[in-house]
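Here are the chains, one letter per residue:
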Amino acid sequence: MDRLAAMQTFVQIVDAGSLSAAARKSGRSLASTVRTLAALEAHLGVRLIERTTRRIRLTDEGASYREHARAVLRLADDADNA
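Residues numbered from 1 in each chain as written. Predicted model: local features only at pLDDT ≥ 70, side-chain atom pairs only at ≥ 80, totals over all residues. Heavy atoms only, no water.

Turning to the side chain of Thr9, a few remarks are in order. Relative to the assigned elements, Thr9 resides in helix H1 (residues 3-16). Residue Thr9 is classed as buried on the basis of its relative accessible area, which comes to 5%. (Helix = DSSP H or I, 4+ residues; strand = E, 2+ residues; numbered from the N terminus. Buried < 20%, exposed > 50% of the residue type's maximum accessible area, 1.4 Å probe, protein only.)

Dropping the structure here:
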C-alpha cells in the first residue's frame, strides 16, 4: 500500500463527503476507493470512517488522522515545490 496515496484518498473522501463523490473526483473506481480506505484502516488497526449506505461520519480516530494526514500531504507538496 502506498501510504501517501492512501492518505490522499482518505482526505478526498472526507472532503467530498462520500466514497462515491471522492471516486468520481479522483477518476478512480468506487471499488478501488473503498479498497484503499479498507487497507488504510487495516494498516492502522482502527476504523477511520463509520459508513452507511446514506452517509459517512468520521470516528474520533478519523478526525485526528485527518489533521495529521493533511499536514503530511502539505509537507509532501512543499517538498515537491522546493
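Attention shifts here to the nonpolar core. Membership of the largest hydrophobic core comes to 16 residues, with the highest contact counts inside it found for Phe10, Ile13, Leu37, Leu40, Leu48, Ile49 and Tyr65. Taken together, the elements giving at least two residues each to this core come down to H1, helix H2 (19-26), helix H3 (30-44) and helix H4 (60-81). At six residues, the largest contribution of residues to this core is made by H1. Setting aside residues no more than four positions away along its own chain, Ile13 makes contact with Ser18, Leu19, Ala22, Thr33, Leu37, Ile49 and Ile56. (Core = buried A, V, L, I, M, F, W, Y, C linked by side-chain atoms within 4.5 Å. Contact = heavy atoms within 4.5 Å.)

This brings us to the packing of H1 against H3. Running from amino to carboxyl end, H1 crosses H3 at an angle of 115°, the nearest separation of the two axes being 9 Å. When the axis of H1 is compared with that of H3, the two are roughly perpendicular. In this structure, H1 meets H3 at a crossing whose hand is left-handed. Across the interface between the two elements, Arg3, Ala6, Thr9, Phe10 and Ile13 from H1 touch Thr33, Thr36, Leu37, Leu40 and His43 from H3. Of the residues that constitute the contact of H1 with H3, the class distribution is five nonpolar, four polar and one charged. (Axes fitted to C-alpha atoms, helices over the stretch in contact; angles between N-to-C directions. Parallel < 35°, antiparallel > 145°, perpendicular 65-115°, else oblique. Left-handed = near helix turned anticlockwise from the far one by under 90°. Nonpolar A, V, L, I, M, F, W, Y, C, P; charged D, E, K, R; others polar.)

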